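What the coordinates show
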Amino acid sequence: MSSHDSHDPHAGEQAFRNRGLDIGDRVSALLAALTLDEKLGLCSGRNFWETRSVPRLGIRSMRLTDGPRGVAFHSTWRRGTAFPSGIALGASWDTDLARRHGEALGRETREAGAHVVLGPAVNLCRTPMCGRTFEYLTEDPHLNARLTVSYVRGVQGEKVAACVKHFAANNQESKRMQVSAQVSQRALRELYLPAFEAAVREGGAQAVMSAYNGVNGTKAGENEALLWDVLREEWGFEGFVVSDWFAARKATSAEACIRAGMSLAMPGRWSRYRMRDLREAVRRGRLHEEDLDRALRGLLRVMFEIGHIDEPARPRRRGISTPDSQVLAREIAAAGITMLRNEAGLLPLDASRLRKVAVLGPTARQRNCLPLWGGSAGVWPPHEITPADGIREALGRSAEIVDDPAGADAAIVCVGLSHRPGGDSEGVDRKHFDLPSAQVALIRKTAATNPNTIVILVAGGPVSMDWAEDVSSVLVAWYPGMEGGRAIADVLTGAVNPSGRLPVTFPRRLPDSPAHRSGRTFPGDGREVLYQEGVFVGYRHFDREDIAPSFPFGHGLSYSDFEYSDLQVEHARWEGEGGLGVSFSVRNRGDRDGAEVVQLYVGDPESSVPRPPRELRAFEKRFLRAGESARIRFELQVRDLAWFCESPLGWRAEPGGFEIEIGSSSRDIRLRGRFELVKDWFLAVGPTV
Ligand code: BGC
């Protein structure tokens, strides 16, 4: 029977409905069925959160919602689960939790009747001052990539597209719509792109959001090298690129974005995609229909992949935040809480021995989960347990909760930042690296009154901590989400053994931080910001310059104590084929069950170019019962040894000696080994960005 036979229900314009065809052919059939105007219509939204429908062909609008922290109220009118913010997930170093977070978020997105969630947000934490550090995961590209892949897989397992954002080099909020990140190819490839690359190649990410900023002079949304050559040609991305909201207004033209491979400009009519202008651009040959098809292909493909074309409309349920998700939010929050200091083993608190506990400080009762609070990542959950709520719930039955530290068995001081503009908030960068002076004074005064002072820092990133040595214990809770107070109490009481590790270096002083050499390196002159530090971001810089941070990358204490032994590097001389096995033993020699984050760093001291002394290349969060040991084995690939060479463009691993370091943080190395790479490796890649 010919495909045009009138008895064939899939004939002609409806051929795309034939489920027997593969998706690529269905997309081609749909493109063939769409008129030029329908195609142009699909290139921009119908309103703030929906794509345009094509009623003639029975294609409904697809709905997008903000993440990445949970399903946002402002895009669904639903109160979703407020998970801990991205940096807390980063501090968990737990890929399994990232996957479960993704799954729960995917499920809630679907229940809210949406198809795409705008997350994860995976820009690298280049400076503590970025207003969105709280949303991002880490300063390290490997940790970033591993968590991102798991998160994306979790979301997409629920037939919801994950939209990885903001592509690329969106590392500050100041002048985010105007500024161009002037960044070397090497730094892009080694630091800023790996999480996106892994999201696409390994996670199968279905959507990518182009950033507001420019990259080396061309706006990300019209940057063909980025959106086409690297993303699609090199990494094999088959999904769609959506602009960041309103970014297309600042673009040279709508056709420049479409030509570069942007599939969808949001939001709707505010994006400056005027039908009349676009028609004219096609008529005058400034936009070819093939370019239009090329950009739309990914959008249509995702519509098929998530069942949008074949399945009935998704009902938009209420009550999307389930008890299970809330329990998960608490688990993630607890897993991310990072204990920086615990002198004389003050923690965990023994609830049965406490008569009086003082709870003080401005963040004890502060709510952080409100609509648009902090910007687009704001989630409004059905409830929020503040630190004071959680502590009262856990200790209030046996002890009296007071606000005077004098005479209390312990004084818990909750300090930090908030999502107010100028703090941890989208649209503006942070104004201060120091905590407000009143908070520092409160910490010092409390510590002078009570020797058992515990500070809980609620913040989205590093602050100066010259007060830390005055107090017994310090916990960083980040923004721990709707169940955060309970998670804090879990750690304080020892119901949970802390296992969070810093995903960012905490500098002593802001000028120690590599992006803060001058105003031109941060925040730039409004037109350009110079990434002069190149690949030396975060601990890569602190290690190279031998600067002592307040607390190093990877640091975090436990109520247990872990012992490392028996490092074995499987080849003393390696050709670079297959994988290089590295194994060692870890034992929990404490008397509590707990998880250790084992970290493997690689150093290339004989390299022909300057390289960081160590770079994280593998890690695992391993739970061990008290007294239990485990043998851990990692396998390195040759790319783990490589640096990115700019001429010719490609990954280069040079023969010579490499160092392997196994540690409990980047500055607490427990085992050292070496091997020799005996072959020169070069893995070529495409054009410059
Ligand atoms: C943010 C994105 C967000 C979008 C939609 C933009 O301002 O940069 O992260 O997804 O708005 O709210």
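Since we're looking at a predicted model, the values are computed, not measured. (Residues numbered from 1 in each chain as written. Predicted model: local features only at pLDDT ≥ 70, side-chain atom pairs only at ≥ 80, totals over all residues. Heavy atoms only, no water.)

Before going further, it helps to examine the confidence of the model for the chain. In this model, the chain carries a mean pLDDT of 96, and residues with pLDDT of at least 70 account for 99%. Residue range residues 1-6 is modelled with pLDDT below 50. Its contacts to residues more than four positions away, or to other chains, number eight contacts. (pLDDT = per-residue confidence, 0-100. Contact = heavy atoms within 4.5 Å.)

With that settled, consider the pairing of strand β22 (residues 643-646). Of the strand pairs in this sheet, β22 and strand β23 (residues 649-653) are connected by four bridges, and their pairing is antiparallel. Directly across from C645, in β23, lies its bridge partner G650. The loop that links β22 with its antiparallel partner β23 comprises two residues. (Pairing = 2+ DSSP bridges. Helix = DSSP H or I, 4+ residues; strand = E, 2+ residues; numbered from the N terminus.)

Bringing the domain arrangement of the chain into the picture now. Each assigned domain of the chain is listed here: domain 1 (61-305), domain 2 (323-545) and domain 3 (562-684). Once you take the C-alpha centre of each, domain 2 and domain 3 turn out to be 31 Å apart. Domain 2 puts 14 residues into the contact, and the matching count from domain 3 is 20 residues. In this assembly, domain 2 packs against domain 3 so that about 1,200 Å² is buried in total across both faces, 46% of it on carbon and sulfur atoms. When the area that domain 2 buries against domain 3 is broken down by residue, the three leading residues are R501, Y539 and D543, summing to 42%. Across the contact surface, domain 2 and domain 3 share four salt bridges. Salt-bridge contacts for R614 lead to D543; the nearest nitrogen and oxygen are separated by 2.9 Å. Applying the counting criterion to the domain 2 and domain 3 interface returns nine residue pairs in polar contact (both at pLDDT 80 or more). Of the residues forming the side of domain 2 that touches domain 3, the biggest block, five residues, is contributed by helix α17 (residues 539-545). In terms of residue class, the side of domain 2 that touches domain 3 is built from six nonpolar, four polar and four charged. (Domains from an automatic or database assignment. Buried area = accessible area lost by both parts, 1.4 Å probe. Salt bridge = Lys/Arg side-chain N within 4 Å of Asp/Glu carboxyl O. Polar contact = N/O pair within 3.5 Å; in protein donor to acceptor, adjacent residues only side chain to side chain. Nonpolar A, V, L, I, M, F, W, Y, C, P; charged D, E, K, R; others polar.)

We now examine the sheet that holds strand β18 (residues 580-588). Read from one edge to the other, the open sheet built from three strands follows the order β16-β18-β21, with strand pairing classed as antiparallel. Of all strands in the sheet, those with a lone pairing partner are β16 (562-569) and β21 (629-636), marking the two edges. In this sheet, neighbouring strand axes are inclined to one another by 20° on average, regardless of whether the strands run parallel or antiparallel. In the sheet, β18 pairs with β21 via eight bridges, with the strands oriented antiparallel. Looking at β21, one finds that S583 is bridged to R633. (Axes fitted to C-alpha atoms, helices over the stretch in contact; angles between N-to-C directions.)

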